[in-house]
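Structural overview
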Amino acid sequence: MNLNCTVKERLTYSLYIAALFVLLVMSTSAFSNNHIEFTPEEQDFINNHPVIRVGAETDWAPIDYVHNGQHTGLTSDYLKLIAERTGLQFDIVTGFTWDELLTMQLNQRLDLLPAIYWSPKRDHLMHFTSPYIKLRHYAFTKSSRDDIKNMADLQDKVIAIPKGYSYLETLEREYPNINILLVNSTLEAIDAVITGQADTLIESTAIINHYLNENNIYGLKPAFAAEFNVNQVYMAARAGLPLLASIIDKALKDITQTEANKITDRWVNIVTTDPTPQNTQLLTIEELRYLQRKHVIKTCIDPNWLPYEGFINGKYSGISAEYIAYFSEQIGIPIEVVKTDTWEQSLKAARLRQCDMLALASNRPDRRKYLAFTIPYVKTSLALATQQNEWFYSNFSELAGKRIGIIKGYSPSKVIKKRFPKIQLVEFSTINEGLQSVTQGEILGFLDSVPTLSYHIQTDFIGELKISGKFDYDWSTGIAARNDEPHLVAILNKVIRATPESVHNRIRSNWLGVRYEETVDYRSLWQLVLVFSIILALVILRYRRLSKHRNEITDKNTELARINEQLETQKEAAQHVANHDLLTGLPNRSQLLLRLEHAIELASRQGNQIAVFFIDLDRFKYINDSLGHHVGDALLRQVGDRMRTRLRNSDTLARIGGDEFVVILESVEDEASPARTAQDLIDIMQQPYSVMGHAVNISASLGIAIYPNDSQDIHTLIKHADIAMYRAKELGRNHFRYYTQSLSERTDKRLKTDAALREALSLNQFSLHFQPIIDLTSCTVSHAEALIRWHHPEMGMVSPEYFIPLAEENGLIHEIGLWVLREACRCHKEWKSQGLDLQKISINVSSIQFQKANLADAFKTILEEEAMEAHRIDIEITERYLMDQTERNIHYLNTLKKAGHTITVDDFGVGYSSMSYMKRLPLDIIKIDRSFISDIPEDRNDIQISQAIISLSHNLGYKATAEGVEIVEQFNFLRETLCDYAQGYYFSPPVPAHHFITCVEQLNARLTNEIAPSEIDK
């Protein structure tokens, strides 16, 4: 009997569910909204062309791409909705590059391209729909580069562009001086920038972010917004199918905003096209220019104030999130969130200018020191959450003597403390901490807005807490923007005032449960009734079975607790990663700034001093280039470990990038005590390292700045320590130096010279002087050395020893070197036309110039343009170049040698090189440094060293040149030791090009008179 009842009961249950399901389907279909009106011609096209061939890209993720052999992405979802609305079927054609798909469309092998930018040229070849996606494009460069900030900076640089991209023709037409590297895909373009084959690429942020995340690629950053009028994405039918474009266009317009937003949220965080005009017409010219310069606005929020604002699953959400998204769309630039953990951290970030604005903040006098406020756009009231057994409180006076919680930094806190001093306010970092304290009985209640308390009680404290009071307190909030950029608050005020009431109503209804409807949607009502009936039936039929699942629920709760614990651990790990250097585990720049700011605040209260060390490893680049970056990374970790052993627990050691470290010494006794620590660090760092089987020696240079004497600002303090470190390097490295005002003046002079140097070539401020080089066999001028001179109208004659290192640092040495070569060729030709035919001219080539892969090609081009033979140009390289004997450097020298140039090693003997270093290099001449010649004949050691260098040079097949000859005794000594060439002030100082012929004639005549013909023959 019981069995029969059970079977009957189950049968009734099944029939009941089936009937309700049928009713639900019928009600849904009865209210279907698929009613696109096609013309007779369009309907005939659909009937006669049921299958449309669609060309899908393989690698334009996440918009249009292929994953695991299947077409996917944002366009795939749109095509499915279009198929439902039109009855068309889409045959997806994949496996081709974008350039090949374009060609197939033009050859009528495809019917439709689902994602394409419009251009005038394409408009004549295809039929376009209305735009349905809007993408913002940026120029992306390597993160380490700061020299590219706009299109003008890309002159003579390389952009990687996939073949067939629409803005290619715009670039070629409007920017002819930009070099274009054509690639097959976006991923190839990214690789080209990362590996240095290209300087930048231009693409939308959504697509770049997808590839960087999918392929674990790091090291790219957006440099500036690129405007080519290709921000909107269309679908395009091939020529001859205008009806197809019309059908697709109607289907796209029939897709609701909700459906479009769903697709957008699934794939990328981009903006779909919206017919609402932006409010740029409200802005002044100055405000529009400000937005163009700004590119992006950074905002901070209260991360724990939902539903007003906060993070849900790591995503910025809440009322302010929707307002900020709307404001961003109106002003036309992105507004990005700077993530913090507490409201207090957000206030601090705004004070330090780490964010441009606070999305919701009350206008308070103490905040006006660094913030300017818009009109309020969100208003709320203050309420009290307590345990379930507490009374209802209607005014603040009833809370006298009670411990009441509130978020630290909230504006009501100061008002309550001032008006109701008997209330014992307890401040918390987050609302969950405060509400947890209420449940544990540590405080009576917690103050916050009604929606915020309701949200958190329903989420985490249901059944434990309730809202026991609502107070008459007007809590109005608006945007608080940085007050040093007044245009920003003016722009935001205009956008807030222009926001229609419909937008306010929509946002409030999404988060505060307020609905504004003009008619009743009976379809939704009936569906709700049916769904409720199904749920009610399931609850009744399964009520008696719930007890069986109590153990399962307990197990699930235990599992959830374990998961929450894991999430908390992961959160702590993520926080650690955000504040520490991944390579060494030391604090990073952001953590350093926070600690330094805290240390200064403490030192200011206690009257103490702080020392800041800026440490840079000497010649670390040589370690990376010679042994590899993996060895360099391992060395950096060992350096960090060693320095930590010499510092106190109260000191901070941070790595801020590359081979640069910063140390904060708190509670410094006097200005001399940091010197002991600095020398201790230098001593321990120069001890030998054993790194991955390599014995490595390295030293460090260190700069010291003292708070408060050198600066009371954290950024200026670090800058001054950096200046002192560079002075230590100038004085020979492996030293430390204190910051002084004279160093700052020296840096200012260096910056001024650097700026002037960048204009010197275009302003024709450079000139060449030439010093004769004597053939000691014939005692006549055989060739000359070209020496660059710079005369500045204000600074006067600037020494090459000063500006050449600057040019090497800022990269101008490449242009200057090519100018020297071209000018030397012109002078040689001019002299030859006047009867002076020198064997060759020597030019100095910096080791930095060899870092350009096309140096030999550039030399060849200039020689061809100037009709000059390569053997007429002698290349002088420094002895330092011998130390960098990479295969690349040897290859460059061999290339120049094969072209016909002679190669000379300049200043030989002052470095660490030896004859063994030169065996692998294609050298011709060894130039003995002037330091070995200047004390001859008095210094016997210099005589023996010079004789040895000349003898060894001849034995290895090289010729020898002595520079710095100033007296006749030195001249005679060099002739006796069979030195090949000599130059110096004994013969002639460097002279301008227009005086050189006269100088040579007079010098040859003088040498002929001074030396008997028999001696010359001898």
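Residues numbered from 1 in each chain as written. Predicted model: local features only at pLDDT ≥ 70, side-chain atom pairs only at ≥ 80, totals over all residues. Heavy atoms only, no water.

The name that an unreviewed UniProt entry assigns to the protein chain is Transporter substrate-binding domain-containing protein, with the source organism given as Neptuniibacter pectenicola.

Helices and strands together make up the secondary structure of the protein chain, namely 35 helices and 43 strands. Going through the 1018 residues of the protein chain one by one, you find that 48% of them count as buried. Partitioning the contacts of the protein chain with sequence separation of at least 6, the portion at a separation of at least 24 is 71%. (Helix = DSSP H or I, 4+ residues; strand = E, 2+ residues; numbered from the N terminus. Buried < 20%, exposed > 50% of the residue type's maximum accessible area, 1.4 Å probe, protein only. Contact = heavy atoms within 4.5 Å.)

The next thing to look at is the confidence of the model for the protein chain. On average, residues of the protein chain score 84 in pLDDT, and 89% of them reach the 70 mark or higher. Considering only residues more than four positions removed or in separate chains, one finds that residues 22-34, a stretch of pLDDT under 50, has 10 contacts. Ignoring residues within four places in sequence, the model shows residues 269-281, a span with pLDDT below 50, making 33 contacts including any to other chains. (pLDDT = per-residue confidence, 0-100.)

A word on empty space enclosed by the protein. Applying the stated criterion across every chain yields a total of 4 cavities of 30 Å³ or more. In this structure, the largest cavity occupies an estimated 100 Å³ of space. Forming the walls of the largest cavity are Glu-57, Trp-60, Trp-98, Ala-115, Ile-116, Tyr-117, Arg-122, Gly-164, Tyr-165, Ser-166 and Tyr-167. Among the elements that line the lining of the largest cavity, the one with the most residues is strand 6 (residues 112-117), at 3 residues. Residue composition of the lining of the largest cavity, grouped by class: 7 nonpolar, 2 polar and 2 charged. One number sums up the size of the second largest cavity: a volume of about 80 Å³. In this structure, the second largest cavity is lined by Asp-302, Trp-305, Glu-309, Trp-343, Leu-360, Ala-361, Ser-362, Arg-367, Tyr-410, Ser-411, Trp-475 and Thr-477. Of all the secondary-structure elements, those providing two or more residues to the lining of the second largest cavity are strand 20 (357-361) and strand 26 (465-482). Residues of the lining of the second largest cavity, tallied by class, amount to 6 nonpolar, 3 polar and 3 charged. (1 Å grid on protein atoms, 1.4 Å probe; cavity = no way out; pocket = protein on both sides within 12 Å on 5 of 7 lines; lining within 4 Å. Points joined across faces, edges and corners; volume = space filled by probe spheres on them. Nonpolar A, V, L, I, M, F, W, Y, C, P; charged D, E, K, R; others polar.)

Attention now moves to a nonpolar patch on the surface. Together, Val-531, Ile-535 and Val-539 make up an exposed nonpolar region whose accessible area comes to about 240 Å². When its relative accessible area of 36% is taken as the criterion, Val-531 is described as partly exposed. (Patch = residues over 30% accessible without salt bridge, like charges linked within 9 Å, V, L, I, M, F, W, Y side chains within 5 Å. Areas by Shrake-Rupley, 256 points an atom, 1.4 Å probe, with all protein chains shown as cover. Salt bridge = Lys/Arg side-chain N within 4 Å of Asp/Glu carboxyl O.)

The next subject is the pattern of salt bridges. Under the definition given, this model contains 45 salt bridges. Across the salt bridge formed by Glu-259 and Arg-85, the nearest N and O atoms sit 2.8 Å from each other. Of this pair, Glu-259 sits in helix 10 (residues 257-267) while Arg-85 is found in helix 3 (residues 74-86), placing the two residues 174 residues apart along the sequence. In this structure Arg-85 comes out as buried when scored by relative accessible area, which is 13%. With a closest N to O distance of 2.7 Å, Arg-648 and Asp-651 form a salt bridge. Look at Asp-651 and you get buried, because its relative accessible area is 10%. The network of salt bridges with shared partners includes Lys-294, Arg-353, Asp-356, Arg-482, Asp-484 and Glu-485.

The next subject is the sheet that holds strand 2 (residues 59-60). Taken together, the 3 strands give an open sheet; going across it, the order is 2-3-4, and neighbouring strands pair in antiparallel fashion. A single partner strand is all that each edge strand has here, and the edge strands are strand 2 and strand 4 (70-72). In this structure, strand 2 lies alongside strand 3 (residues 64-67), joined through 2 bridges in antiparallel fashion. What sits directly across from Trp-60, in strand 3, is Asp-64. (Pairing = 2+ DSSP bridges.)

All right, on to the packing of helix 22 (residues 620-627) against helix 23 (residues 629-645) then. Interhelical geometry of helix 22 versus helix 23 gives an angle of 140° and a closest axis separation of 6 Å. Classified by the interaxial angle, the pair formed by helix 22 and helix 23 is oblique. Seen from helix 22, the contacting residues are Phe-620, Ile-623, Asn-624 and Leu-627; seen from helix 23, they are His-629, His-630, Val-631, Gly-632, Leu-635 and Leu-636. (Axes fitted to C-alpha atoms, helices over the stretch in contact; angles between N-to-C directions. Parallel < 35°, antiparallel > 145°, perpendicular 65-115°, else oblique.)

Bringing the environment of Gly-164 into the picture now. Its place among the elements puts Gly-164 in the loop between strand 10 (158-162) and helix 6 (167-174). Accessibility expressed as a relative area gives 17% for Gly-164, which makes it buried. With residues near it in sequence (within four places) discarded, Gly-164 still touches Trp-98, Asp-99, Leu-102 and Arg-122.

All right, on to the packing of helix 21 (residues 589-606) against helix 25 (residues 714-730) then. Two numbers describe how helix 21 lies on helix 25: the axes approach to 10 Å, and their chain directions differ by 105°. What the angle tells us is that helix 21 and helix 25 run roughly perpendicular. The segment helix 21 lies against helix 25, with Leu-592, Leu-593, Leu-596, Glu-597 and Ile-600 engaging Ile-714, His-715, Leu-717 and Ile-718. Broken down by class, the residue content of the contact of helix 21 with helix 25 amounts to 7 nonpolar, 1 polar and 1 charged.

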